[in-house]
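Chain residues, written in single-letter form:
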Amino acid sequence: MPQDPMDFEWSYWIEWGRERILWLLAGHLLVSQVSRLLVEKYKPWCLMVYGMAACWLLLGIKGFAVILLHAAISFAVAQFQLSLLTWLCSLILLSTLRIPAVEETKRKWYDTENEYYLLLFTVSVRCLFCTSFSLEYCWHAPTQKSSHSFPWMLAYVFYYPTFHNGPLVNFDEFSKQMRRQEAFSVKTNLSILIVGIIRIFFWWCLAELMIHLMYIHALYSSALPLESASYWALGGLALAQVLFFYVKYLVLYGVPALLLRMDGLKPPALPCCVSLMHSFTKMWRSFDVGLHRFLVRYIYVPTGGSQSSLLGTLLSTALTFAFVSYWHGGQSYLWYWGALNWLGVIVENGTKRILSISLIQDLI
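Residues numbered from 1 in each chain as written. Predicted model: local features only at pLDDT ≥ 70, side-chain atom pairs only at ≥ 80, totals over all residues. Heavy atoms only, no water.

As annotated in an unreviewed UniProt entry, the protein carries the name HHAT palmitoyltransferase and comes from Oriolus oriolus. As recorded by UniProt, the Sequence similarities (unreviewed entry) comment attached to the protein reads in full: "Belongs to the membrane-bound acyltransferase family. HHAT subfamily." The Subcellular location (unreviewed entry) comment attached to the protein in UniProt states, word for word, "Endoplasmic reticulum membrane". (UniProt positions renumbered as here; feature names shortened; annotations may be inferred.)

Written as structure tokens, this is what we have:
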């Protein structure tokens with residue numbers, strides 16, 4: 001039975017995975033386990049060299065140079081130790097991905113659109129990693145200088161399991177865990193690997209069944225069946241789509257999360273099932289946990305967060321969702337999506353504040 005071809009993201013990453021990425025991830029696993037067994041002290045540098053080689057192989061010398069240049073510029077700006085300047089640099093670097101002349105130049109580097117898109121997706125994710133390192137550099141104490149050097153930035157930026165699509169791991173967490181040396185057990189790691197592969201294979205089979213049998217995205221791409229469907233049917237289609245999105249990210253984040261565990265790191269929790277969620281706030285906290293931690297640590301809290309006035313909280317939340325919308329592409333529909341999510345979070349938090357008033361609690 002033919003599959004639904006309309007979900008670009010799933011088709012794209014599965015194709016790349018089968019062709020090269022899974023093999024490169026297997027290579028990372030081999031290098032990681034050998035280095036943990038023989039040269040634990042030099043594991044970060046072994047993985048850094050492997051990640052740089054994998055980047056060169058997959059994106060070519062020009063793609064590798066772009067990512068290295070982004071890292072070098074971010075590190076140079078971070079030397080001023082000004083958070084606002086670091087953010088300005090990050091936003092400018094991110095904006096270069098949307099300049100038509102630059103896009104056209106990068107397209108000419110590759111034979112196919114898929115190769116160009118791989119560079120685009122990779123650089124977008126690397127921008128977040130560069131931002132995380134740079135802000136941690138701005139905040140670090142003089143005694144932490146050795147763990148905030150440019151080689152550590154490269155080890156973080158070129159860490160291969162999270163290289164193309166995430167999940168996002170903040171530099172402070174990555175650095176602490178990567179520098180921690182602990183007992184290595186081949187037997188324990190092998191059991192983690194086998195169980196992890198079985199789980200990911202189950203999720204992949206489930207996603208493939210949904211793609212081949214449900215045709216959710218094909219239905220959404222045509223107005224005629226949607227116009228003729230009842231409200232109950234539309235609700236069912238919406239639920240089916242978000243459930244597929246959930247299963248898809250169990251696979252896309254499950255593979256790198258498994259490799260993180262094999263490297264002795266603690267990955268962000270995998271997405272929580274959307275059927276268990278009933279609020280915007282919980283959705284943002286527990287679906288993409290790595291992105292949520294990034295947004296809270298580097299945008300929400302520094303701009304005031306929940307500790308500031310009501311107006312300050314509204315502004316912090318607005319800036320957070322504005323960045324999410326811009327990072328995802330900045331198209332008009334993404335701004336609407338961000339605004340609706342912002343409104344949902346504000347209404348929920350406002351309702352909680354009202355219900356926490358003693359008079360209202362007494363009435364209830």
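So, next bit.
Give a description of the overall build of the protein that names residues and reports values.
Each helix and strand counted, the protein has 16 helices and 0 strands in total. Relative to the 2.2 N^0.38 estimate, which gives 21 Å for 364 residues, the radius of gyration of the protein is 22 Å and therefore close to what a compact globule would have. Based on the C-alpha atoms only, the size of the protein along its principal axes is roughly 60 × 55 × 50 Å. When burial is assessed residue by residue, the protein has 47% of its 364 residues classed as buried. In the protein, the share of contacts with a sequence separation of at least 24, taken over all contacts with a separation of at least 6, comes to 73%. When the accessible surface of the protein is totalled, it reaches about 18,900 Å², and 70% of it is carbon and sulfur. Charged side chains of the protein number 26 positive and 21 negative; the gap between the two group centres comes to 10 Å. (Helix = DSSP H or I, 4+ residues; strand = E, 2+ residues; numbered from the N terminus. Rg over C-alpha atoms; globule rule 2.2 N^0.38 Å. Buried < 20%, exposed > 50% of the residue type's maximum accessible area, 1.4 Å probe, protein only. Contact = heavy atoms within 4.5 Å. Areas by Shrake-Rupley, 256 points an atom, 1.4 Å probe, with all protein chains shown as cover. Lys, Arg positive; Asp, Glu negative; His and termini not counted. Charge placed at Lys NZ, Arg CZ, Asp CG, Glu CD.)

Now, about helix 3 (residues 83-95): what can you tell me, with residues and values included?
Count 3.6 residues to each turn of an α-helix, and residues three or four apart come out pointing the same way. Relative to the 18 Å expected for 13 residues at 1.5 Å per residue, helix 3 spans 18 Å between its end C-alpha atoms, a close match to the ideal helical length. When helix 3 is considered as a whole, its buried residues turn out to be Thr 86, Trp 87, Cys 89, Ser 90, Leu 93 and Leu 94. All buried residues of helix 3 project into a common sector of 160° when viewed along the axis, lining one side. On its buried face, helix 3 sits against helix 2 (43-78), helix 5 (113-139), helix 13 (289-300) and helix 14 (310-327). (Expected span 1.5 Å × (residues − 1). Arc of directions from axis to C-beta.)

Tell me about the domain arrangement of the protein, and name the residues and values.
Domain boundaries assigned for the protein yield domain 1 (8-179) and domain 2 (269-363). Just the C-alpha atoms count here: the centres of domain 1 and domain 2 sit 27 Å apart. The partner domain 2 presents 14 residues to the 18 residues of domain 1 that form the contact. Taken together, both faces of the contact between domain 1 and domain 2 bury some 1,400 Å²; the carbon and sulfur share is 63%. Summed over the shared surface of domain 1 and domain 2, the result is 3 salt bridges. Glu 136 is the partner of Arg 297 in a salt bridge, and the nearest nitrogen-oxygen pair spans 2.6 Å. Connecting domain 1 to domain 2 are 8 residue pairs in polar contact (both at pLDDT 80 or more). Breaking the side of domain 1 that touches domain 2 down by element, the ones donating at least two residues are helix 3, helix 5 and helix 7 (171-179). When residues of the side of domain 1 that touches domain 2 are assigned to their parent elements, the largest contribution, 8 residues, is made by helix 5. Tallied by class, residues from the side of domain 1 that touches domain 2 come to 9 nonpolar, 5 polar and 4 charged. (Domains from an automatic or database assignment. Buried area = accessible area lost by both parts, 1.4 Å probe. Salt bridge = Lys/Arg side-chain N within 4 Å of Asp/Glu carboxyl O. Polar contact = N/O pair within 3.5 Å; in protein donor to acceptor, adjacent residues only side chain to side chain. Nonpolar A, V, L, I, M, F, W, Y, C, P; charged D, E, K, R; others polar.)

Summarise the packing of aromatic side chains; cite the residues concerned and give the values.
Aromatic ring pairs are defined here through the distance separating the ring centres and the angle between the ring planes. The tally for this structure, following the rule as stated, stands at 35 aromatic pairs. Between Phe 8 and Tyr 12 the ring centres are 5.2 Å apart and the planes differ by 35°, which places this aromatic pair in the tilted class. Of this pair, Phe 8 and Tyr 12 both sit in helix 1 (residues 8-38), 4 residues apart, which is roughly one turn of the helix. In this structure Tyr 12 comes out as buried when scored by relative accessible area, which is 2%. Lying across the ring of Tyr 326, Arg 98 places its NZ or CZ 4.7 Å from the centre. (Phe/Tyr/Trp six-rings, centres within 6.5 Å; stacked < 30°, edge-to-face > 60°. Lys NZ or Arg CZ within 6 Å of the ring centre and 35° of its normal.)

Describe the packing of helix 2 against helix 6 (residues 150-157), naming the residues involved and giving the relevant values.
Interaxial distance between helix 2 and helix 6 falls to 9 Å at its minimum, and their mutual angle equals 110°. The pairing of helix 2 with helix 6 is recorded here as roughly perpendicular in orientation. Crossing of helix 2 against helix 6: the hand is right-handed. Of the residues in helix 6, those in contact with Pro 44, Trp 45, Met 48, Ile 67, Leu 68, Ala 71, Ala 72, Ser 74 and Phe 75 of helix 2 are Phe 150, Pro 151, Trp 152, Met 153, Leu 154, Ala 155 and Val 157. The residue makeup of the contact of helix 2 with helix 6, split by class, is 15 nonpolar, 1 polar and no charged. (Axes fitted to C-alpha atoms, helices over the stretch in contact; angles between N-to-C directions. Parallel < 35°, antiparallel > 145°, perpendicular 65-115°, else oblique. Left-handed = near helix turned anticlockwise from the far one by under 90°.)

An account of the pattern of salt bridges is requested, with residue identities and associated values reported.
Per the counting criterion, the structure on display carries 7 salt bridges. Between Asp 172 and Arg 297 there is a salt bridge, with its nearest N and O atoms 3.7 Å apart. Highlighted residues: Asp 172 in helix 7 and Arg 297 in helix 13, separated in sequence by 125 residues. With relative accessibility at 16%, the residue Asp 172 sits in the buried group. Here Glu 173 and Arg 293 are joined by a salt bridge, their closest N and O atoms 3.6 Å apart.

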